[in-house]
Amino acid sequence: MTPQEKVEHLKAIAEEIITEEELLKLFQTKEHPVCYDGFEPSGIAPIHFGLLRALYVKKLLETGVHVILFLADFHGMINNKLGGDLEKIKTAGKYFIEVWKAAGINTNKVEVVWASDLLTRKTYIERLLRVSKELTLDRVTKTLTIAGRNEKDKLIFAQFLYPAMQVSDIFELDLDMVEMGMDQRRANVIAREVAHKLHWKVPVAIHHHMLLGLKGTKEGDNPEEVMVKSKMSKSDPTSAIYMHDSASEIAAKIKTAFCPPLIVAGNPVLEYVKYIIMLSLPSFKIERTAEHGGDKEYQTFDEVTNDYESGALHPMDLKAAVARDLDILIKPVREHFENNAEAKKLYETVKSFQITR
């Protein structure tokens, strides 16, 4: 790929790039720029982790990017994930790695870094202090949404360190770019501001769409609150599809998902078509009797939405097709954990943990 082709390749998964010009220059000057995505290991993997994130990592690898998968175990501890038990969080991190393998990520081509190892570096504390000097308490409080928190929560002091830690991680890893959800935007903007002030390398920020839960959104919902709630889906099993759900469980969840006729905005079932199915499979096919319009195959998401908004595509036919395709994509992961003894043990162990926030 040419540098411009690499930019276009990543634009397919980006809701926002800060900035596109900087990304192009990066590809023009560096063959293998370093990028990370970070995760708090905490509980069983939903599809936005197992399918969406795996898809994005593959896209990054296809452009020659050196990808770091950052397991933020210390961040999860101070954020009280899994009761703040670091050993349980580390076990969940090992389970996450198995999910990546099963989802088709070649773990020999990515670098897995644990936050607990990063924090042992002699340079880390000084970097954390330098970053912290550039932040006000008010700015930190507003940025706590990156950890799924806000000013209304009862917070412990350690949680106020979270934004500065996340920003420090970026510089300690010497990243050229970051690829994370829109919910992490505030931290990445701070990282760019701090870099300019301290004359450090300014990271390019690529932000992807935050996938809606099965309950969808209501008109008037605060977009930022929606993003915070989406991070808590593991504590609400009814709001998400998981990488271990059976075909019947997927079908049952999709059947009851928010999917109003003729309405595209805020419709999670259509989001799964756009952000997962049509980026993972050659096409999206509706199977129905001739009496109800017969089979139809879609090549673009616009074709799907045009039919849905006109009423030519019924919600129940849409749901049946989405359930079928999600099962196709989830099945290899489900079978990996059923047939691999070590992976199965990790899954059963993590499944026994009580989810906390």
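In what follows, the structure referred to is the one given above.
Residues numbered from 1 in each chain as written. Predicted model: local features only at pLDDT ≥ 70, side-chain atom pairs only at ≥ 80, totals over all residues. Heavy atoms only, no water.

Before going further, it helps to examine the pairing of strand β2 (residues 34-39). Counting buried residues along β2, six of its six residues qualify, which places the element largely inside the surrounding structure. A two-sided burial pattern is seen for β2, the buried positions comprising V34, Y36 and G38 on one face and C35, D37 and F39 on the other. Of the pairings in the sheet, the one linking β2 to strand β3 (residues 66-71) comprises six bridges and is parallel in character. The residue of β3 that forms the bridge with F39 is L71. The handedness of the β2 to β3 crossover, carried by helix α3 (residues 47-62), is right-handed. Taken together, the two bridges between β2 and strand β5 (residues 177-181) define a ladder with parallel strand orientation. By the bridge assignment, C35 is partnered in β5 with M177. (Buried < 20%, exposed > 50% of the residue type's maximum accessible area, 1.4 Å probe, protein only. Helix = DSSP H or I, 4+ residues; strand = E, 2+ residues; numbered from the N terminus. Pairing = 2+ DSSP bridges. Right-handed = clockwise from strand over helix to strand, strands pointing away.)

For the rest of this paragraph, the subject is the side chain of E40. Within the secondary structure, E40 sits in the loop between β2 and α3. On the accessibility criterion, E40 (12% relative accessible area) is buried. Here N79 takes part through its side chain, which lies 3.1 Å from a polar atom of the side chain of E40. Among the polar contacts made by the side chain of E40, one reaches the side chain of Y162 at a distance of 2.5 Å. When neighbours within four sequence positions are excluded, E40 is seen to be in contact with A72, H75, G76, N79, K81, F96 and Y162. (Polar contact = N/O pair within 3.5 Å; in protein donor to acceptor, adjacent residues only side chain to side chain. Contact = heavy atoms within 4.5 Å.)

The next thing to look at is the nonpolar core. Among the nonpolar cores identified, the biggest contains 79 residues, and I47, Y95, M177, F284, L318, V322 and L326 are the most heavily contacted of them. In this view, L326 contacts I47, L51, I241, I250, I254, Y272, I276 and I277; residues no more than four positions away in its chain are not counted. If you look at the next biggest cluster of nonpolar residues, it comprises 33 residues, including L128, A147, M180 and A195. (Core = buried A, V, L, I, M, F, W, Y, C linked by side-chain atoms within 4.5 Å.)

Bringing the packing of aromatic side chains into the picture now. Taken as a whole, this structure holds 11 aromatic pairs when the rule is applied. With 6.4 Å between their ring centres and 25° between their planes, Y95 and Y347 make a pair best called stacked. Of the two residues, Y95 sits in helix α5 (residues 86-102) while Y347 sits in helix α16 (residues 341-352), which places them 252 residues apart along the sequence. With a relative accessible area of 0%, Y95 lands in the buried category. Take Y347: its relative accessible area is 14%, and that puts it in the buried class. Members of the aromatic cluster, each reached through a chain of ring pairs, are F39, F49, Y95, F96, W100, F337 and Y347. The residue whose ring lies beneath R127 is W200, and the NZ or CZ to ring-centre distance is 5.2 Å. (Phe/Tyr/Trp six-rings, centres within 6.5 Å; stacked < 30°, edge-to-face > 60°. Lys NZ or Arg CZ within 6 Å of the ring centre and 35° of its normal.)

With that settled, the discussion passes to the sheet that holds strand β4 (residues 110-114). Strand order in this open sheet of six strands is β1-β6-β5-β2-β3-β4, and the pairing throughout is mixed. The strands lining the two open edges of the sheet, one partner per strand, are β1 (16-18) and β4. Ignoring strand direction, the axes of neighbouring strands in this sheet form an average angle of 20°. In this fold helix α2 (residues 20-29) packs onto β1, β5 and β6 (204-208), with an angle of close to 115° to the strand it touches most, β6. (Axes fitted to C-alpha atoms, helices over the stretch in contact; angles between N-to-C directions.)

Looking now at the pattern of salt bridges. With the rule as written, the count across this model stands at 23 salt bridges. Among the salt bridges present, the one from K90 reaches D73, with a minimum N-O distance of 2.9 Å. Placement of K90 in helix α5 and of D73 in helix α4 (residues 73-78) is noted, with a sequence separation of 17 residues between them. Where K201 meets D174, a salt bridge forms, and the shortest distance between an N and an O atom there is 3.0 Å. Taken together, the positions of K201 in the loop between α10 (185-198) and β6 and D174 in the loop between α9 (162-172) and β5 put the pair 27 residues apart, joining distant regions of the chain. Members of the salt-bridge network, linked through shared partners, are K30, D174, D176 and K201. (Salt bridge = Lys/Arg side-chain N within 4 Å of Asp/Glu carboxyl O.)

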